[in-house]
Amino acid sequence: MSYTSKADMVTAKLREMIVAGDLKPGAALRQRDLAGEFGVSQTPVREGLRRLEAEGLVSNDPHKGSIVAEARAGRWSENFAIRAALESLAAELACDTITDDQVRELQELDNQMRAIGVINDEYRALNQRFHMQICTIADSPLLMSFIKLLWRALGDGPHVVRTHSESARQHRQIIAALRAGDKEKVTAVIRRHILGATIEQE
């Protein structure tokens, strides 16, 4: 990937490291160390940290230095609406690129979720993998960055409440629509799947 400036490069790489979880909340960000790691002077590092502070990913203090900020959850209804929009777009893009092997990967994740029988932490982890796999199939690095950032904001927050059977049925509908390349169907099911659930708390 090409960058228009060294500050752009530092900002993009730090953002990805934070969103991916390689840099945890509270981690110290020392300008000299980062400059050495990225092979730049401290000036683009300072600029990158300022930009990331504006995005809410970094907290800069003139005395204590810079640290990775805690994720800001915001309103859950708003976060889920954004998630529905982003993942609907990812599913639409995936319709153009999905392969038989990728369909089987989604089916295997769905089989593992159905075998659990209840919606617990193990199920939720598999569910996140299921949805992130669709985003991977979409093959849009920019969209994936936005979606990772959103999942980070959701954190361990309130879980959606739906029956296990309803969740499994909707997953099968998503897979079938992706296999058929039916963009209208898959975006409608994704939106219903995300927005049709009841959120435990606001």
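Coordinates for the structure precede this section.
Residues numbered from 1 in each chain as written. Predicted model: local features only at pLDDT ≥ 70, side-chain atom pairs only at ≥ 80, totals over all residues. Heavy atoms only, no water.

J.: What is the right way to read helix α5 (residues 100-116) from this model?
T.: Over its 17 residues, α5 extends 25 Å from the first C-alpha to the last, a length consistent with the 24 Å expected when each residue adds 1.5 Å. Listing the buried residues of α5 in full gives Val103, Leu106, Leu109, Asp110 and Met113. Angularly, the buried residues of α5 cover 125° about the axis, an arc narrow enough to put them on a single face. Facing away from the buried side of α5, by more than 90 degrees, are the exposed residues Asp100 and Ala115. Taken together, the buried residues of α5 touch α6 (121-138) and α8 (164-180). Of the residues flanking the end of α5, it is Gly117, one or two places downstream, whose phi is positive at about 90°. (Helix = DSSP H or I, 4+ residues; strand = E, 2+ residues; numbered from the N terminus. Expected span 1.5 Å × (residues − 1). Buried < 20%, exposed > 50% of the residue type's maximum accessible area, 1.4 Å probe, protein only. Arc of directions from axis to C-beta. Contact = heavy atoms within 4.5 Å.)

J.: Hey, could you run me through the nonpolar core in this one?
T.: A general trend in soluble globular proteins is that nonpolar side chains are found buried together. The biggest cluster of nonpolar side chains holds 23 residues, and the ones touching the most others in it are Leu106, Phe130, Ile134, Ile174, Leu178, Val186 and Ile190. Elements supplying a minimum of two residues to this core: α4 (76-94), α5, α6, α8 and α9 (183-195). Take this core: its biggest share by element is 5 residues, from α6. Not counting residues within four places of it along the chain, the set of residues in contact with Ile134 comprises Ala90, Ala91, Ala94, Leu106, Ile174, Leu178 and Ile190. (Core = buried A, V, L, I, M, F, W, Y, C linked by side-chain atoms within 4.5 Å.)

J.: I tried to follow the sheet that holds strand β3 (residues 65-68) on my own but got confused; where do I start?
T.: The pairing of strands in a sheet happens through backbone hydrogen bonds and is either parallel or antiparallel. Overall, antiparallel pairing links the 3 strands, which are arranged β1-β3-β2 in an open sheet. At either margin of the open sheet sits one strand with a lone partner, and together these are β1 (28-29) and β2 (58-61). By the bridge criterion, 4 bridges tie β2 to β3 in an arrangement that is antiparallel. Among the inter-strand pairings, Asp61 is bridged to a residue of β3, identified as Gly65. Seen against the sheet, helix α3 (residues 42-54) touches β1, β2 and β3 and runs at an angle of roughly 120° to β2. (Pairing = 2+ DSSP bridges. Axes fitted to C-alpha atoms, helices over the stretch in contact; angles between N-to-C directions.)

J.: What is the right way to look at the pattern of salt bridges in this model?
T.: Any two side chains of opposite charge can pair, given that their charged atoms come close. The full count for this structure, using the stated rule, is 10 salt bridges. With a shortest N-O distance of 3.0 Å, Asp96 and Lys183 are connected by a salt bridge. Of this pair, Asp96 sits in the loop between α4 and α5 while Lys183 sits in helix α9, and the two are 87 residues apart along the sequence. The class of Asp96 is exposed, set by a relative accessible area of 55%. Of the residues examined, Lys183 reaches a relative accessible area of 31% and is grouped as partly exposed. Note that Arg169 and Glu166 form a salt bridge whose closest N and O atoms lie 2.8 Å from each other. Here Arg169 and its partner Glu166 are both found in helix α8, 3 residues apart, which amounts to about one turn of the helix. Judged by its relative accessible area of 27%, Glu166 is partly exposed. One salt-bridge network, held together by shared partners, links Asp8, Glu47, Arg50 and Arg51. (Salt bridge = Lys/Arg side-chain N within 4 Å of Asp/Glu carboxyl O.)

J.: Honestly, the side chain of His171 in this entry has me stumped. Any pointers?
T.: Structurally, His171 can be placed in helix α8. Of the residues examined, His171 reaches a relative accessible area of 0% and is grouped as buried. Polar side-chain contacts of His171 include one of 3.0 Å to the side chain of Asn127. If sequence neighbours within four positions are ignored, His171 has contacts with Asp110, Met113, Tyr123, Asn127, Phe130, His131 and His193. (Polar contact = N/O pair within 3.5 Å; in protein donor to acceptor, adjacent residues only side chain to side chain.)

That is the geometry; function is a separate question.
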